[in-house]
Amino acid sequence: MSKIFSGVQPTGDLHLGNYLGAIRNWVRLQDDFDCLFCVVDMHAITNWQDPAALAASTREVTAALLASGIDAERHIVFNQSQVPGHAELAWIFNCVARMGWLNRMTQFKEKAGKNRENASVGLFAYPNLMAADILLYKATHVPVGEDQKQHLELTRDIAQKFNNDFKCDMFPIVEPLIFGAATRVMSLRDGTSKMSKSDPSEQSRITMTDDADTIAKKIRKAKTDPEALPDTQKGLEGRAEAANLMGIYAALSDTEVADVCAKFGGQQFSAFKQDLADLAVAKLAPIQDEMRRLMADPGHVDAVLAAGGQKARALAEPILAEIKQTVGYLKP
Ligand code: TRP
């Protein structure tokens with residue numbers, strides 16, 4: 001049976017890009033795969049996190065997953081630090097992966113910036129922990145965005161090297177599941193950069209906790225160009241802001257961008273933005289209501305994570321025992 005593993009970081013406000021780009025796709029995978037959805041608190045601390053904020057974000061992200069329709073009874077929802085096997089396997093992979101491989105990771109270069117000497121060792125080894133997340137369960141498929149493709153390649157390299165070094169076929173070679181172009185949500189202020197929690201402008205993103213008025217206002221103020229909307233998808237070329245807003249409309253309404261062009265072609269942005277705001281509020285409000293309800297009940301969210309952690313540990317334990325034996329660790 002194919003098995004899905006995916007992770008989301010509990011850092012800061014979740015936004016529309018997280019929802020349309022990742023969470024919503026996870027919801028759809030639940031019918032076809034056994035899934036593990038992991039809130040990766042261990043990855044989060046590769047950059048310093050305020051402890052109270054980390055705990056709050058872990059609950060908030062979990063609430064968003066549940067509110068969006070992830071079924072924690074049928075699948076596994078947990079936070080990474082509950083399963084010690086992630087750290088144990090990451091150590092083994094620290095000894096499998098080569099410095100040169102990690103030196104090529106573009107995300108490290110971006111995140112470390114100019115001051116590499118001051119980046120945490122954890123930030124450098126981040127992709128090894130990600131490989132451990134996936135391979136601890138022998139997951140076969142990993143839904144990721146474009147920005148994580150390189151890390152997944154590394155996961156495949158680690159799996160292959162481990163299998164070679166120890167002359168075994170312990171690990172499957174995982175396949176990425178990359179979702180369609182319409183799910184790449186860009187900033188509302190600049191259609192060429194990704195919607196991001198680290199953008200200093202709040203106007204650049206719609207968060208999962210924005211109320212209806214805020215959502216409408218942000219969409220009304222979103223950057224556009226002076227032309228009317230195009231009536232074909234080809235007309236979106238070179239018009240990043242129009243492409244972004246029409247892409248968001250398509251994703252929220254479950255249609256193709258071409259259909260959105262056919263529907264709104266020739267109209268002015270002002271009219272379209274009104275429709276887009278109504279649609280966004282209609283689609284997000286029920287999820288946001290449920291999120292608020294869950295966040296008011298942290299005991300319940302913690303219980304869901306604890307139950308998920310227990311299920312994850314039960315899956316990981318026999319696999320980790322097999323790995324340890326293969327490496328030559330003595331049995332405890
Ligand atoms: N690195 C991923 C991100 O920032 C999160 C992540 C951690 C992940 N472990 C994973 C994603 C395993 C997929 C599989 O988006």
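Residues numbered from 1 in each chain as written. Predicted model: local features only at pLDDT ≥ 70, side-chain atom pairs only at ≥ 80, totals over all residues. Heavy atoms only, no water.

**So, the overall build of the protein chain**
Each helix and strand in the protein chain was counted, giving 13 helices and five strands. Taking 20 Å as the expected radius of gyration for a compact globule of 332 residues, we find that the protein chain reaches 21 Å, a close match to that expectation. Taken over the C-alpha atoms alone, the protein chain extends approximately 70 × 45 × 40 Å along its principal axes. Taking all 332 residues of the protein chain together, the buried fraction comes to 47%. For the protein chain, the share of sequence-separated contacts (at least 6 apart) that also reach a separation of at least 24 residues comes to 75%. Of the roughly 15,700 Å² of accessible surface on the protein chain, a fraction of 52% belongs to carbon and sulfur atoms. Mean positive and mean negative side-chain charge positions of the protein chain (37 and 42 charges, respectively) differ by 4 Å. (Helix = DSSP H or I, 4+ residues; strand = E, 2+ residues; numbered from the N terminus. Rg over C-alpha atoms; globule rule 2.2 N^0.38 Å. Buried < 20%, exposed > 50% of the residue type's maximum accessible area, 1.4 Å probe, protein only. Contact = heavy atoms within 4.5 Å. Areas by Shrake-Rupley, 256 points an atom, 1.4 Å probe, with all protein chains shown as cover. Lys, Arg positive; Asp, Glu negative; His and termini not counted. Charge placed at Lys NZ, Arg CZ, Asp CG, Glu CD.)

**Regarding the pairing of strand β1 (residues 3-8)**
On any regular strand, side chains alternate: one points to one face of the sheet, the next to the other face. Taken across its six residues, β1 has five buried, putting it largely inside the fold. As paired elements, β1 and strand β2 (residues 34-39) share six bridges and run parallel to each other. Across the sheet, residue Lys-3 finds its bridge partner in β2, namely Asp-34. Note on the crossover from β1 through helix α1 (residues 16-29) to β2: the handedness is right-handed. (Pairing = 2+ DSSP bridges. Right-handed = clockwise from strand over helix to strand, strands pointing away.)

**Digging into the state of the cysteines**
Counting across every chain of the model gives zero disulfides. Cysteine Cys-168 shares no disulfide, and the gap to the nearest cysteine sulfur, in Cys-95, comes to 16 Å. On the basis of relative accessibility, which here comes to 24%, the residue Cys-168 falls in the partly exposed class. (Disulfide = S-S within 2.5 Å.)

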